[in-house]
Number of protein chains: 2
Amino acid sequence: MVRKKKIKKPSPLLYADSDINADQLYFGKVFVPDPFLSFSVNGKKYAFANSLEISRMNSESTFDELLSLEEWLGKAARRYRKKTGSITDIVRLVVGEFAISEFVVAPDFPAGLAFKLRAARVPFKIAEGPLFPQRDCKNDAEAKALKEGNAASATGIKAAEKMLRDSTIKKGNLMHGGRLLTSERVRQVIEIACLEKGAMSHKTIVAGGDQGCDPHCNGYGPLRANELIVVDVFPRVARHGYHGDMTRTFLKGKATPEQRRLVRTVRNAQKLALATIKAGITGAKVHSAVEAHFKAEGYLTKKSNGSPEGFIHGTGHGLGLEIHEPPRLNKTGPRLKAGNVVTVEPGLYYRGVGGCRIEDVVRVTKSGVEMLSKCHYRWELR
Amino acid sequence: MVRKKKIKKPSPLLYADSDINADQLYFGKVFVPDPFLSFSVNGKKYAFANSLEISRMNSESTFDELLSLEEWLGKAARRYRKKTGSITDIVRLVVGEFAISEFVVAPDFPAGLAFKLRAARVPFKIAEGPLFPQRDCKNDAEAKALKEGNAASATGIKAAEKMLRDSTIKKGNLMHGGRLLTSERVRQVIEIACLEKGAMSHKTIVAGGDQGCDPHCNGYGPLRANELIVVDVFPRVARHGYHGDMTRTFLKGKATPEQRRLVRTVRNAQKLALATIKAGITGAKVHSAVEAHFKAEGYLTKKSNGSPEGFIHGTGHGLGLEIHEPPRLNKTGPRLKAGNVVTVEPGLYYRGVGGCRIEDVVRVTKSGVEMLSKCHYRWELR
């Protein structure tokens, strides 16, 4: 295997498992639980696999060629006259055999290996931004996968809604099946509904009352009547790894005029954002439109007793193999491109009134958006 | 905040989220979905948190002090006369303010940040082995958490067993609820059973017949009568992040004498390994005892038609916040210490006969082992 031609464009180099590392999964489209080496050169993709994985990776992945880890470790040991070869040695061999002029690695490439490669004079640089910038524009197959993720989200949200509808109110608490209805019980029902759709949902948010005002609180303990309950479901489809991310805010009982105005304002903000988004507009502009809307409606964002309240997070984020990926819809959000898939999730949070967030997922088009999520917006459950 | 005393021992420095990064979770005992900076100095643990996370992290984590990310970014910007501060700038500030002589980072520390720190002359080295070597010895609270993980595994395995028992045989296929029983259906029942125990189980292995001979095949399609079915359940308890990892091998119908001898030999190998393990013995010795047992019983490990068969994986691995962690029970396994928690999972795999693996989890003690998993070993289901 001798390839003499010198390569000009840096060759991506990865060392990660693909259960967790999204670049590695994107690169080879195969789940591998342990870190492995992969690279591309001249448009061809290669990965090293051990004897237990090589035949499965060969049949399931999009790598053009699987190289035997054991063989190359042996080859490296002989070449560098060591008892056993190492990953670093294999990369050194690859540089020669594939005529690599320079590698490029992701910022999250493991530092331990990076410094060893430096010491071994393997030429590489660290990508300034993402290793695969093309990941931020989703093709039709990816959009379909993200719809599937959001269908799982919707199933989870509807399971929660049904449980809230079926509950009764007793002294201000919600009762279901003769027991107090808690965030934990609703979460479990959501996560089981997602599993039945082939998607893994974790840390699912079911946060009522003031708990819903802390966007990073997952919610715990008894749910109460007449309180806003934020339900945020972000599962990953087990088969391909793409996500759903959808939020609805419910209330069991009777809402106050203040709660109704809050929810209406958030929903209108979402409509405004959806109407603003199109290719060419910046994420920052979308975000500031939402901010301006809230301000005009009298909803201020500030600190209250040391805690932030109002519109305290970004309007949205990219969604794909990772739950948070570029581009962002926030103060510094970049120009949107056709194919970007983003969440649109304005929210308002005021202790005493409660929190409300409404979230859907869209693909950006030249002229607007294509909805990738679908679920009704009824929220007051008697 | 001025601390003048120079520190001699390198200070651990982390930049990772704690949903995935086990060191970060071990360090602060709090789940945070986005990467954050943490370090320790003079036995005190610090972390940076943004305004949305700081109060939750303050109440839930074991960090001694939470530092405001926004405040320190501002401070760094002023000190280094930049428009906005960066994570690198904050680390530079920390070196001065906490009188750090040297940091130590894990091998999986992100290379992007590592090279920026190098360029900013922040003194640090990369740990040769694990960042927190103490992670490999589990205290009583951790052993209890691992027991909880294994109780979830056992619940999943028993759910699978019940489904197989309840199934009927029709033309060699297994039928359940009027439909073909598949690996996928059994997997779903297992994962729901785990969820109901508060544990997340993914990629659960339910692999029958020759599929069970590939230890990295999760199993798919219809399950058949009279075939060995490997069921390997390795959930993570959502509340604290510790794992269970347990395998049983079942057969629905009637086993052949060859299958019975295979299963008996694997179970005897496991008993042998359990009797061999104690503090002071090497993992390599445990592994070679199992290898010798299989060889003596006539079960050879070799390649057959290009695929490995026999005893084709290690005897076990450390288990904790990660599913695979030190120490290993394999050819190069190190000396075991009291407190190590390891899986004990010999297996034999021969296409045509099937695969069998039996796995439990133990904590190593001075004189032997403490079982952390519990489930019966009946396997032939009529």
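As for the interface of chain A and chain B
Accessible area lost upon the coming together of the parts serves often as the stated size of an interface. Taken together, the contact between chain A and chain B spans 36 residues of the former and 36 residues of the latter. Between chain A and chain B, the buried area comes to about 3100 Å², and carbon and sulfur atoms account for 66% of it. When the buried area of chain A at its contact with chain B is split by residue, A:L52, A:F115 and A:H216 rank highest and sum to 22% of it. At the surface where chain A touches chain B, the tally comes to 2 salt bridges. The shortest N-O distance in the salt bridge between A:D19 and B:K203 comes to 4.0 Å. Across the chain A-chain B interface, the total number found is 9 residue pairs in polar contact (both at pLDDT 80 or more). Elements supplying a minimum of two residues to the side of chain A that touches chain B: α5 (111-119), β6 (124-126) and α7 (183-196) of chain A. For the side of chain A that touches chain B, the per-class residue count stands at 19 nonpolar, 6 polar and 11 charged.

What about helix α3 (residues 69-79) of chain B?
Residue pairs three or four apart in sequence face the same way in an α-helix, which turns once every 3.6 residues. Residues and elements named next belong to chain B. All of the buried residues along α3 are W72, A76 and A77. One side of α3 holds all its buried residues, which, seen down the axis, span an arc of 140°. Set apart from the buried face of α3 by more than 90 degrees, the exposed residues are E71 and R78. One or two residues past the end of α3 sits R81, with phi positive at roughly 50°.

Topic: the pairing of strand β3 (residues 44-49) of chain A
All names here are of chain A. Burial runs high along β3: 5 of the 6 residues are buried. Pairing of strand β2 (residues 36-41) with β3 involves 4 bridges; the strand directions are antiparallel. Along β3, the bridge assignment pairs F39 with Y46. Between β2 and β3, which pair antiparallel one after the other, the connecting turn spans 2 residues, and N42 there sits at a positive phi close to 55°. Where β3 meets strand β4 (residues 65-68), 4 bridges bridge the pair, whose relative direction is parallel. Looking at the pairing, A49 lines up with S68 of β4. This β-α-β element, β3 to helix α2 (residues 54-60) to β4, shows right-handed connectivity.

Re the domain arrangement of chain A
Residues and elements named next belong to chain A. Split by domain assignment, chain A resolves into domain 1 (11-131) and domain 2 (136-381). Each of domain 1 and domain 2 was reduced to a C-alpha centroid, and the two centroids are 38 Å apart. In this assembly, 6 residues from domain 1 lie in contact with 10 residues from domain 2. The contact between domain 1 and domain 2 buries some 520 Å² in all, and 64% of this surface belongs to carbon and sulfur atoms. Of all residues in domain 1, A22, Y26 and F31 give up the largest surface area on contact with domain 2, accounting jointly for 65% of the area buried on that side. At the junction of domain 1 with domain 2, the criterion picks out 0 salt bridges. At the junction of domain 1 with domain 2, the criterion picks out 1 residue pair in polar contact (both at pLDDT 80 or more). Taken together, the residues that form the side of domain 1 that touches domain 2 break down as 5 nonpolar, no polar and 1 charged.

Conventions used here
- Residues numbered from 1 in each chain as written.
- Chains lettered and ligands numbered in written order.
- Predicted model: local features only at pLDDT ≥ 70, side-chain atom pairs only at ≥ 80, totals over all residues.
- Heavy atoms only, no water.
- Contact = heavy atoms within 4.5 Å.
- Buried area = accessible area lost by both parts, 1.4 Å probe.
- Salt bridge = Lys/Arg side-chain N within 4 Å of Asp/Glu carboxyl O.
- Polar contact = N/O pair within 3.5 Å; in protein donor to acceptor, adjacent residues only side chain to side chain.
- Helix = DSSP H or I, 4+ residues; strand = E, 2+ residues; numbered from the N terminus.
- Nonpolar A, V, L, I, M, F, W, Y, C, P; charged D, E, K, R; others polar.
- Buried < 20%, exposed > 50% of the residue type's maximum accessible area, 1.4 Å probe, protein only.
- Arc of directions from axis to C-beta.
- Pairing = 2+ DSSP bridges.
- Right-handed = clockwise from strand over helix to strand, strands pointing away.
- Domains from an automatic or database assignment.

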